[in-house]
Amino acid sequence: VLFRYILFRPFEEEVLTGRVARSTPEGVWVTLGFFEDVFIPKEYLQSPCKFDAEDNCWIWEYADGLETHNMYMDEREDIRFRVVKVEFNDVARRKEHDDQLLPMKIIGTVSEPGLGLLSWWRQDNI
């Protein structure tokens, strides 16, 4: 028997680019297009930030020394993040009513310079 397979398992500290899928009061969910289970907890967002329940998005309150700018993390925006942890779960052992258990979940952070929405950072021509 001959077969091929592709394995996706990012390394801790690896920097990846995805797209904001949705925001919740707990944090931001990111999609990579082929993988949907990337989560950035609110503790790993830029500081200070707040959740806007009306717009259903997180807002980084960026202060440049003169004034504060609200930087919105809107859905479908490209986002760069660093992998903090990759969690694996044995889904064969999950209980019938536990549909929330994911086989693999990536925990990320954007609380470092250069990370976050790509539109926030100046793109120089290369």
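Data block above holds the structure.
Read on for a plain summary of the structure. (Residues numbered from 1 in each chain as written. Predicted model: local features only at pLDDT ≥ 70, side-chain atom pairs only at ≥ 80, totals over all residues. Heavy atoms only, no water.)

## As for the sheet that holds strand β4 (residues 49-52)
So, point 1. The strand order across the open sheet formed by three strands is β4-β5-β6, and the pairing between neighbours is antiparallel. Of all strands in the sheet, those with a lone pairing partner are β4 and β6 (68-73), marking the two edges. The sheet shows a mean angle of 30° between the axes of neighbouring strands, direction not considered.
So, point 2. Pairing of strand β5 (residues 57-63) with β6, which is carried by six bridges, proceeds in the antiparallel orientation. Within the sheet, the bridge partner assigned to Tyr 62 lies in β6 and is His 69. (Pairing = 2+ DSSP bridges. Helix = DSSP H or I, 4+ residues; strand = E, 2+ residues; numbered from the N terminus. Axes fitted to C-alpha atoms, helices over the stretch in contact; angles between N-to-C directions.)

## Let's talk about the environment of Tyr 62
So, point 1. Note on placement: Tyr 62 falls in strand β5.
So, point 2. Here Tyr 62 falls in the partly exposed class, since its relative accessible area comes to 35%.
So, point 3. C-alpha of Tyr 62 to C-alpha of Cys 49: the two residues are 13 residues apart in sequence and 8.4 Å apart in space.
So, point 4. Setting aside chain neighbours within four positions, we find Tyr 62 in contact with Glu 67, Thr 68, His 69 and Met 71. (Buried < 20%, exposed > 50% of the residue type's maximum accessible area, 1.4 Å probe, protein only. Contact = heavy atoms within 4.5 Å.)

## Some details on the side chain of Asp 52
So, point 1. Along the chain, Asp 52 falls in strand β4.
So, point 2. Salt bridges are absent for the buried Asp 52, whose nearest opposite-charge side chain, Lys 50, sits at 6.7 Å.
So, point 3. The residues touching Asp 52, leaving out its near neighbours within four places in the chain, are Cys 57 and Ile 59. (Lys, Arg positive; Asp, Glu negative; His and termini not counted. Salt bridge = Lys/Arg side-chain N within 4 Å of Asp/Glu carboxyl O.)

## Section: the nonpolar core
So, point 1. Ranked by size, the top nonpolar core spans 22 residues in total, and within it Val 28, Ile 40, Ile 79 and Phe 81 carry the most contacts.
So, point 2. Secondary structure elements with two or more residues in this core: β1 (15-24), β2 (27-31), β3 (38-41), β5, β7 (78-88) and β8 (104-109).
So, point 3. If we ignore the near neighbours within four places in the chain, the residues touching Ile 40 are Gly 27, Val 28, Val 30, Leu 45, Ile 79, Phe 81, Gly 108, Thr 109 and Val 110. (Core = buried A, V, L, I, M, F, W, Y, C linked by side-chain atoms within 4.5 Å.)

## Topic: the pairing of β2
So, point 1. Among the five residues in β2, five count as buried, and that is most of the element.
So, point 2. Two strands pair when backbone bridges link them, and β1 and β2 are joined in this way by five bridges, in the antiparallel orientation. Along β2, the bridge assignment pairs Thr 24 with Gly 27.
So, point 3. Examined bridge by bridge, β2 and β3 share four bridges and lie antiparallel to one another. Looking at the pairing, Gly 27 lines up with Pro 41 of β3.
So, point 4. Where β2 folds back on β3, the antiparallel hairpin that results is connected by six residues, among which Gly 33 adopts a positive phi of roughly 95°.

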